[in-house]
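Listed below, chain by chain, are the residues.
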Amino acid sequence: MTRYALEVADIFRDHGPAWRQRQAGHLSLGQLKAMSAIERCRSAELGGHRLGCTHCGTTQIAYNSCRNRHCPKCQSTAAFRWLEARQAELLPVDYYHVVFTLPAQIGDIAYQNKAVIYAILFKAAAETLLTIAADPKHLGARIGITSVLHTWGSALTHHPHIHCIVPGGGFSLDGERWVACRPGFFLSVRVLSRLFRRLFLEQLLQAYRAGKLAFYGQHQALAQADAFAKFLKPVRRIDWVIYAKRPFAGPQAVLNYLSRYTHRVAIANSRLIACDERGVTFKWKDYRAKGRTRHKTMTLATGEFIRRFLIHVLPAGFHRIRHYGFFANQGRARHLLRVRELLSVPPDVSETTTTRATRAAVYVCSACGAAMAIIETLLPTHRARAPPRQAA
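Residues numbered from 1 in each chain as written. Predicted model: local features only at pLDDT ≥ 70, side-chain atom pairs only at ≥ 80, totals over all residues. Heavy atoms only, no water.

1. Section: the overall build of the chain
- Looking only at helices and strands, one finds ten helices and 14 strands in the chain.
- Put simply, the chain has 392 residues, and 46% of those count as buried.
- Pairs at least 24 apart in sequence give 72% of the contacts found in the chain among residues at least 6 apart.
- Here the chain has roughly 21,200 Å² of accessible surface; of this, 52% comes from carbon and sulfur atoms.
- Averaging the positions of the 55 positive and the 24 negative side-chain charges in the chain gives two centres separated by 3 Å. (Helix = DSSP H or I, 4+ residues; strand = E, 2+ residues; numbered from the N terminus. Buried < 20%, exposed > 50% of the residue type's maximum accessible area, 1.4 Å probe, protein only. Contact = heavy atoms within 4.5 Å. Areas by Shrake-Rupley, 256 points an atom, 1.4 Å probe, with all protein chains shown as cover. Lys, Arg positive; Asp, Glu negative; His and termini not counted. Charge placed at Lys NZ, Arg CZ, Asp CG, Glu CD.)

What follows is the structure, encoded as structure tokens:
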């Protein structure tokens, strides 16, 4: 694995302890766990293995990964395994990329209610696509959706949005034929936007009336029904941003795209430039600019960089990749078999491109490229703290 000159783990190790002391009482258990895991990832504290090359005899040490889903170093393997499972589900049709974004006002309260509002975002986006696609005025088909949650902008700000990858067609409503969308056009963005806004706000109000939302700091007043209604009033009038990208250049391009998005974290180590007395400098993309001026650098105070990274830690057990329609986990195999029948595609056609890397050696010699074998197990130097004993 590539070792960058500067990593998020380095910043956390050097500045994390002092920053955590200053923020005592203001960090969630999930944020503390993420910091601890990232600091220890691929270090002697987690243990590892001594490896020996079966060809040239070279030895090397491979330390264990933390496997935390917010760690920049642990996502490539997880992404590969996930994509390998998706490979057999690819269909020989155009795929479209639709992005659902929350207005900034809703994003503010979403941070204080992550599990509830992110779940509403997933549900409203999926219902919007499924409803409009099923309408005979638009497509008249039952579609499949793979949705991925991202909560960040390029500058690490809180910017919740859903990336949806959708095949360009679906079952006819009677299930007897495949209905393809018009070439280069999936569904009307304007129609999607209006329905998404309505569905999201309806579900948000339901959550509010059920007492599922909490408000802190400058938003405490929203606990009053009148204040909350006034807060939502301007949001009902604005256009909610939905972005539909042109179709991918074939099913394989879908996998290449998903490999960059499914297991991405708030910032990759490759974007970090320096950490010094001025703060943390990193590369970012300004989407409001055009051409080469889009790519810029930004310097944040180290504490602010850590804070921004941690606002994207998801609640424990929250699934950031979800499937809907004929990709839904329940009945997926049966539905995909039927889709292939309708498209006259042999059941195993999607599996012929399965990468040989699944059968490759787990460890590869950096000197000659041959397989390496584990010759010694290195025990971790860090032991997880046991729960405190109950007083007699």
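Additional details are given in the paragraphs that follow.
2. Here's the deal with the nonpolar core
- Among the nonpolar cores identified, the biggest contains 52 residues, and Leu129, Phe186, Phe196, Phe200, Leu204 and Phe228 are the most heavily contacted of them.
- Where this core is concerned, the elements lending two or more residues are β3 (95-101), α4 (104-112), α5 (114-134), β5 (144-152), β6 (158-167), α6 (189-209) and α7 (225-237).
- Sort the elements by how many residues they give to this core and α5 lands first, with eleven residues.
- Residues in contact with Phe186, not counting those within four places in the same chain, are Tyr96, Val98, Leu129, Leu139, Ile143, Val166, Pro167, Gly168, Gly169 and Cys181.
- Formed by 31 residues, the second largest nonpolar core is a distinct cluster that contains Ile11, Leu27, Trp152 and Leu300. (Core = buried A, V, L, I, M, F, W, Y, C linked by side-chain atoms within 4.5 Å.)

3. Some points on a positive patch on the surface
- A contiguous patch of positive charge on the surface is contributed by Lys245, Arg246, Arg260 and Arg264.
- Inspection of the secondary structure assignment puts Arg264 in the loop between α8 (251-261) and β10 (272-276).
- Overall, the relative accessible area of 33% leaves Arg264 in the partly exposed class. (Patch = residues over 30% accessible without salt bridge, like charges linked within 9 Å, V, L, I, M, F, W, Y side chains within 5 Å. Salt bridge = Lys/Arg side-chain N within 4 Å of Asp/Glu carboxyl O.)

4. A few points about the environment of Trp284
- Here Trp284 shows up in strand β11 (residues 279-285).
- The class for Trp284 is buried, based on a relative accessible area of 17%.
- The spatial distance from the C-alpha of Trp284 to the C-alpha of Lys296 is 5.5 Å, given a sequence separation of twelve residues.
- For Trp284, the residues in contact, after removing those within four places along its chain, are Ser154, Ala155, Arg271, Arg294, His295, Lys296, Thr297 and Met298.

5. Considerations on the environment of Val189
- Structurally, the position occupied by Val189 is in helix α6.
- As for Val189 and Trp284, which are separated by 95 residues in sequence, their C-alpha atoms are 27 Å apart.
- Aside from chain neighbours lying at most four places away, what touches Val189 is Ile242 and Ala244.

6. What to know about α7
- Under the 1.5 Å per step criterion, the end-to-end length of α7 is 19 Å for 13 residues, consistent within 8% with the ideal 18 Å.
- Inspection of α7 places Phe228, Phe231, Leu232 and Val235 among the buried residues, and these make up the whole buried set.
- Where α7 is buried, its residues meet α4 and α6. (Expected span 1.5 Å × (residues − 1).)

7. Considerations on unusual backbone geometry
- Despite not being glycine, Leu156 has its phi angle at roughly 70°, a positive value.
- Tracing the chain through its elements places Leu156 in the loop between β5 and β6.
- Of note, the phi angle at Ser344 is positive, near 55°, even though the residue is not glycine.
- Among the secondary structure elements, Ser344 is positioned in the loop between α10 (332-342) and β14 (372-378).

8. Some words on the packing of aromatic side chains
- The tally for this structure, following the rule as stated, stands at 16 aromatic pairs.
- Between Tyr118 and Phe318, the aromatic rings sit 6.1 Å apart at their centres with planes inclined by 70°, giving edge-to-face as the arrangement. One end of the pair, Tyr118, is in helix α5; the other, Phe318, is in the loop between α9 (302-310) and β13 (321-325), with 200 residues separating them in the sequence. With respect to burial, Tyr118 and Phe318 carry one shared label: buried.
- Each ring, one from Phe215 and one from Phe228, has its centre 5.8 Å from the other, and the planes form 50°; the classification is tilted. Of this pair, Phe215 sits in the loop between α6 and α7 while Phe228 sits in helix α7, and the two are 13 residues apart along the sequence. (Phe/Tyr/Trp six-rings, centres within 6.5 Å; stacked < 30°, edge-to-face > 60°.)

9. A short note on helix α1 (residues 8-22)
- At Gly16, α1 is deflected by roughly 60°, the largest bend along its length, and proline Pro17 occurs up to four residues later in sequence.
- Burial in α1 covers these residues: Val8, Ala9, Asp10, Ile11, Phe12, Gly16 and Trp19.
- Where α1 is buried, its residues touch α2 (29-40), β10, β11 and α9. (Bend = angle between axes of the 7 residues up to and from the residue.)

10. A word on empty space enclosed by the protein
- Following the criterion strictly, the structure yields three cavities of 30 Å³ or more and no others.
- Considering only enclosed or pocket space, the largest cavity measures out at about 130 Å³ in volume.
- Every residue lining the largest cavity is listed: Trp82, Arg86, Glu89, Leu90, Tyr95, Thr146, Ile165, Val254, Leu255, Leu258 and Phe327.
- For the lining of the largest cavity, the secondary-structure elements that each account for two or more residues are α3 (75-87) and α8.
- Ranked by residues supplied to the lining of the largest cavity, first place goes to α8 with three residues.
- Taken together, the residues of the lining of the largest cavity break down into eight nonpolar, one polar and two charged.
- If you add up the space inside the second largest cavity, you get close to 50 Å³. (1 Å grid on protein atoms, 1.4 Å probe; cavity = no way out; pocket = protein on both sides within 12 Å on 5 of 7 lines; lining within 4 Å. Points joined across faces, edges and corners; volume = space filled by probe spheres on them. Nonpolar A, V, L, I, M, F, W, Y, C, P; charged D, E, K, R; others polar.)

The values reported here are purely geometric and, on their own, carry no functional implication.
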